[in-house]
Amino acid sequence: MKQKIFVANWKMNLGVAESLKLTEELGLALRSFANKNAEIVLCPSFTALAALLGLLQEENPSGFKIGAQDVFWEEKGAFTGEISPKMLLEAGCEYVIVGHSERRANLGETDEMVNKKVKISLENELVPIVCVGETFEERQKGIRDVVVARQTLKALDGVKLFGNKKVIIAYEPVWVIGTGQAVLPEDAEHSHRMIRETLLEIFPVDAVEKHFKIIYGGSVDGSNIKDFTERENIDGVLVGGASLKAGEFVKMIKAIA
Ligand code: PGA
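Everything numeric here is computed off the predicted structure, so don't read it as measured data.

1. As for the sheet that holds strand 2 (residues 38–43)
Item 1. The eight strands are arranged 1-2-3-4-5-6-7-8 in a closed barrel whose pairing can be described as parallel. Across the sheet, the axes of successive neighbouring strands diverge by a mean angle of 25°, strand direction being ignored.
Item 2. Across four bridges, the pairing between strand 5 (residues 127–132) and strand 6 (residues 167–171) is parallel. Directly across from C131, in strand 6, lies its bridge partner A170.
Item 3. Across the sheet, helix 2 (residues 46–58) touches strand 2, strand 3 (65–68) and strand 4 (93–98), and the angle it forms with strand 3 is around 170°.
Item 4. Contacts from helix 8 (residues 185–202) reach strand 5, strand 6 and strand 7 (212–217), with the element oriented near 155° to strand 7.

Okay, here's the thing in structure tokens:
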């Protein structure tokens with residue numbers, strides 16, 4: 001089986017102490033479980049990043065990677081409250097979630113902003129995890145493919161990929177996030193295929209193979225993980241709620257051993 005990526009998006013749920021506790025629990029549970037099939041990325045809140053790095057520098061047998069939940073599109077300057085890619089690198093991040101639907105909906109994040117964040121992440125050797133996905137209304141109107149293709153194309157507008165640069169596209173149907181009810185795996189696979197075809201409109205086939213992964217997010221848990229990871233076209237999962245429970249997240253990772 002190809003290596004699958006597991007991104008734990010803890011959202012605005014855990015403080016520093018709680019983040020460290022959860023990471024220690026995960027580390028302990030996975031200690032004797034070297035799973036080469038899984039790349040695990042933990043995305044805590046900004047305030048917990050540095051502490052997590054400290055902990056993982058001491059001991060990290062499972063090879064956990066650190067990701068941030070957002071980044072600003074400038075390197076430095078008068079942008080009160082924002083965080084730069086260099087600050088994330090300093091705090092140990094290798095990945096960054098960009099354009100999550102919660103930010104698009106609550107903070108007015110646009111395709112243009114997402115595009116700028118993707119570019120600055122790549123310039124700074126961070127791997128952007130770009131979230132795309134339709135709302136329930138868009139699906140009802142029959143425009144899900146149009147919306148997802150538009151978000152994908154705009155996020156990557158003018159992006160140059162070379163060397164070892166990587167981009168992860170996370171297909172997250174907005175209407176199933178946090179509901180406990182994922183879409184059917186074949187439904188996710190349809191969107192994944194469509195995203196891959198969209199990528200092929202702007203990049204050559206070998207570049208799509210080399211630089212992109214496409215993962216699924218939206219109510220993935222221990223009970224349905226295999227339905228998704230078993231599929232050749234699904235390179236991994238972005239997990240919210242279920243990643244906050246050590247037992248559940250470990251069960252998911254062990255499921256693909
Ligand atoms: P969920 O969240 O797993 O709780 O549905 C996924 C996400 O929002 O990234």
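2. Focus: the pairing of strand 8 (residues 236–239)
Item 1. Residue alternation in strand 8 divides its side chains into two sets, G236 and L238 and V237 and V239, and both sets are buried.
Item 2. As paired elements, strand 1 (residues 4–9) and strand 8 share four bridges and run parallel to each other. Bridging from a neighbouring strand, F6 pairs with V237 of strand 8.

3. Some remarks on unusual backbone geometry
Item 1. Look at K11: it is not a glycine, yet its phi comes out positive at around 50°.
Item 2. Even without being glycine, S219 reaches a positive phi, approximately 60°.
Item 3. With relative accessibility at 13%, the residue S219 sits in the buried group.

4. Things to note about the packing of aromatic side chains
Item 1. Evaluation of the coordinates by the stated rule reveals seven aromatic pairs.
Item 2. Taking 4.8 Å as the distance between ring centres and 45° as the angle between the ring planes, the aromatic pair formed by F72 and F79 counts as tilted.
Item 3. Judged by its relative accessible area of 34%, F79 is partly exposed.
Item 4. Clustering of aromatic rings is evident, with ring pairs tying together F72, W73 and F79.

5. Description of the site of the ligand
Item 1. Taken together, 13 residues lie near the ligand, and K11, H100, G178, S219 and G240 sit nearest.
Item 2. Here an oxygen atom of the ligand sits 2.7 Å away from a polar atom, N or O, in the side chain of H100.
Item 3. The separation between an oxygen atom of the ligand and a polar main-chain atom of S219 is 2.7 Å.
Item 4. For the ligand, whose free accessible area comes to 280 Å², the fraction covered by protein is 95%.

Here is what the cut-offs are and how they apply
- Residues numbered from 1 in each chain as written.
- Predicted model: local features only at pLDDT ≥ 70, side-chain atom pairs only at ≥ 80, totals over all residues.
- Heavy atoms only, no water.
- Pairing = 2+ DSSP bridges.
- Helix = DSSP H or I, 4+ residues; strand = E, 2+ residues; numbered from the N terminus.
- Axes fitted to C-alpha atoms, helices over the stretch in contact; angles between N-to-C directions.
- Contact = heavy atoms within 4.5 Å.
- Buried < 20%, exposed > 50% of the residue type's maximum accessible area, 1.4 Å probe, protein only.
- Phe/Tyr/Trp six-rings, centres within 6.5 Å; stacked < 30°, edge-to-face > 60°.
- Near = heavy atom within 4 Å.
- Polar contact = N/O pair within 3.5 Å; in protein donor to acceptor, adjacent residues only side chain to side chain.
- Areas by Shrake-Rupley, 256 points an atom, 1.4 Å probe, with all protein chains shown as cover.

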